[in-house]
Amino acid sequence: MIFDRVTIYVKAGNGGNGCVSFRREKYVSHGGPDGGDGGRGGDIIFRVDEGKNTLLDFKYRRKFIASNGEDGKNSRFHGKNAENLIIPLPPGTLIKDPKTGKIIKDMSDSDVASSGSFTLLKGGKGGFGNTHFATPTRQTPNFAKAGIKGQEMEIALELKMLADVGLVGMPSAGKSTILSVLSSAKPKIADYHFTTLSPILGVVEAKAGGYVLADIPGLIEGAHEGLGLGHEFLRHIDRCRILVNVVDASGSEGRDPLDDIATINNELFQYNPELLKRPMIIAANKIDMMSDENKKRLQKYADEKNLEIFFMCAGIGEGVRELSEAIAARLKTLPPLKVFEPELDISDIKDELQDDEITITVSNGVFDVKAERLVNVVNSINFSDRESTAYFQKVLRRAGIFDALEKKGIKEGDTVNIYGAEFEYYK
Ligand SMILES: Nc1nc2c(ncn2[C@@H]2O[C@H](COP(=O)(O)OP(=O)(O)OP(=O)(O)O)[C@@H](O)[C@H]2O)c(=O)[nH]1
Ligand SMILES: [Mg+2]
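Residues numbered from 1 in each chain as written. Chains lettered and ligands numbered in written order. Predicted model: local features only at pLDDT ≥ 70, side-chain atom pairs only at ≥ 80, totals over all residues.

## Some points on the sheet that holds strand S14 (residues 308-311)
Turning to step 1, where the next piece is worked out: The 6 strands lie next to each other as S10-S11-S9-S12-S13-S14, forming an open sheet whose pairing is mixed. In the strand order of this sheet, the two ends are held by strand S10 (200-206) and S14, each with one partner. Recorded for the sheet is a direction-independent mean angle of 25° between the axes of neighbouring strands.
Turning to step 2, where the next piece is worked out: As judged from the 6 bridges shared by strand S12 (residues 242-248) and strand S13 (residues 280-285), these two strands associate in the parallel manner. The residue of S13 that forms the bridge with Val246 is Ala283. (Pairing = 2+ DSSP bridges. Helix = DSSP H or I, 4+ residues; strand = E, 2+ residues; numbered from the N terminus. Axes fitted to C-alpha atoms, helices over the stretch in contact; angles between N-to-C directions.)

See below:
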């Protein structure tokens, strides 16, 4: 079974911490601060790999965590920036928000085509070393900044193949046979239903131009309710510019070809009403066993609906090229493959990730503060150093923590706990 939808977890690397250090030189009793900055964390980057056609790589690996930047070192040595994590995706993959199903990025858009990749998450910046905190009045800054934590999120990947033309029809209508005549693809062909279990692409060279043809597993009435193989595979014709409705014109299985066409149209409609607006061509197959009556009825139907119809015996390749030339000629008049517009701005999601809430719970007279953004700060503070704690106070004030505490009714002398750092509250 094709593996074409998956949810994965990605996290950009954390920035390295800034370093606290002081120059130690012979004959210099009090060297200045020389702690270097932390390195940048790795980005999460997606790249299209033309050689892939499923999301199978993600079957057993669902977590992708970019490396962290290196911590700064003494002598002003900057910590090394981390390598970016590059994740290859098959062409035609959509990146979506798993919660809303909204599209964040279509990896087949012109943006990705020109730059070759899409950066989803930026690695965290490295923290400043204590060198940055020296001022004329603060000559021995005993603190440095921690690196910024890399952002993390879950994303859904969904493959929508890049096929110009999709073959749809009932099982055993001859879809795979047509693909095998027109391209070098080797789909399985047999006289039982659901021979084809996953969509197959073939490249077709016609005189009027080349195109990509997709063979989709057979649909039956009720496919949209999960009958047969279901209609899940129709996802792969979402981008198609032409649909070919392949029908067993002989009615060899006891069904009526016109009913079959209607059934397929209805299943397409159930999946996505938009699909019925796509240009459609009828491929009436198995004419070696077709009655004149059926030929007339099919021709009449096509005329009435203003559809092109091609009669063929795909089993021996007869009439298939004519269909192919008509497809190629028609494609020339149609707009290019559908590209999906983003429905969700990734920077909005990132803001949401950053703009975490401040929660304050009071128990036994202790005000417990939780806010994701403070974790980094708490880790970077040297609580035995007066200037470092003064800096901490400043950050808390700026982040609105003090205001939030006041609202909760804090009084001077009460105890505040922020991720294990405890202190008494004074204005
Ligand atoms: N008599 C006749 N049989 C044909 C013709 N074309 C294909 N067949 C046979 O019809 C059967 C089904 O063909 P496939 O190409 O596997 O049909 P499919 O539409 O891909 O079927 P699924 O993959 O099950 O949906 C096979 O046994 C073919 O040999 C034809 O023109 N005439
Ligand atoms: Mg088939």
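Following the structure, the description resumes.
## A few points about the domain arrangement of the chain
Turning to step 1, where the next piece is worked out: With domains assigned, the chain is organised as domain 1 (1-160), domain 2 (165-332) and domain 3 (357-424).
Turning to step 2, where the next piece is worked out: The C-alpha-based centres of domain 2 and domain 3 are spaced at 66 Å. (Domains from an automatic or database assignment.)

## Here's the deal with the sheet that holds strand S15 (residues 359-363)
Turning to step 1, where the next piece is worked out: Overall, mixed pairing links the 4 strands, which are arranged S15-S16-S17-S18 in an open sheet. Edge strands, defined here as strands with exactly one partner in the open sheet, are S15 and strand S18 (421-424). If you compare each strand with its neighbour and ignore which way they point, the axes differ by 25° on average.
Turning to step 2, where the next piece is worked out: The sheet contact formed by strand S17 (residues 415-418) and S18 spans 4 bridges and is antiparallel.

## Re helix H5 (residues 320-332)
Turning to step 1, where the next piece is worked out: The end-to-end C-alpha distance of H5 is 19 Å, a good match for the 18 Å that 13 residues give at a rise of 1.5 Å each.
Turning to step 2, where the next piece is worked out: All of the buried residues along H5 are Val320, Leu323, Ser324, Ile327, Ala328 and Leu331. Projected down its long axis, H5 shows its buried positions confined to an angular sector of 135°, all on one face. The exposed set on the far side of H5, more than 90 degrees from its buried face, consists of Glu322 and Lys332. (Expected span 1.5 Å × (residues − 1). Buried ≥ 20, exposed ≤ 12 C-beta atoms within 10 Å, placed from the backbone. Arc of directions from axis to C-beta.)

## What to know about the environment of Tyr425
Turning to step 1, where the next piece is worked out: Turning to its location among the elements, Tyr425 is positioned in the segment after S18.
Turning to step 2, where the next piece is worked out: Classification of Tyr425 as partly exposed rests on a count of 15 C-beta atoms within 10 Å.
Turning to step 3, where the next piece is worked out: In this structure, Tyr425 is in contact with Leu405, Ile410, Glu412, Gly413, Asp414 and Val416, ignoring residues within four places of it in sequence. (Contact = placed C-beta atoms within 7 Å.)

## A few points about the site of ligand 1
Turning to step 1, where the next piece is worked out: Around ligand 1, 24 residues are found, and the nearest of them are Ser176, Thr177, Thr196, Gly218 and Gly315.
Turning to step 2, where the next piece is worked out: When residues in the shell around ligand 1 are grouped by element, the largest group, 3 residues, is from helix H2 (residues 175-182).
Turning to step 3, where the next piece is worked out: Looking at the shell around ligand 1, its residues break down into 9 nonpolar, 11 polar and 4 charged. (Near = placed C-beta within 6 Å. Nonpolar A, V, L, I, M, F, W, Y, C, P; charged D, E, K, R; others polar.)

## Some words on unusual backbone geometry
Turning to step 1, where the next piece is worked out: In this model, Phe194 sits at a positive phi of 55°, which is unusual for a non-glycine residue.
Turning to step 2, where the next piece is worked out: Inspection of the secondary structure puts Phe194 in the loop between H2 and S10.
Turning to step 3, where the next piece is worked out: Note on Phe194: 13 C-beta atoms within 10 Å, which makes it partly exposed.
Turning to step 4, where the next piece is worked out: Phi angles above zero are rare outside glycine, and Asn364 is one such case at about 50°.
Turning to step 5, where the next piece is worked out: By C-beta crowding, Asn364 is classed as exposed, having 6 other C-beta atoms within 10 Å.

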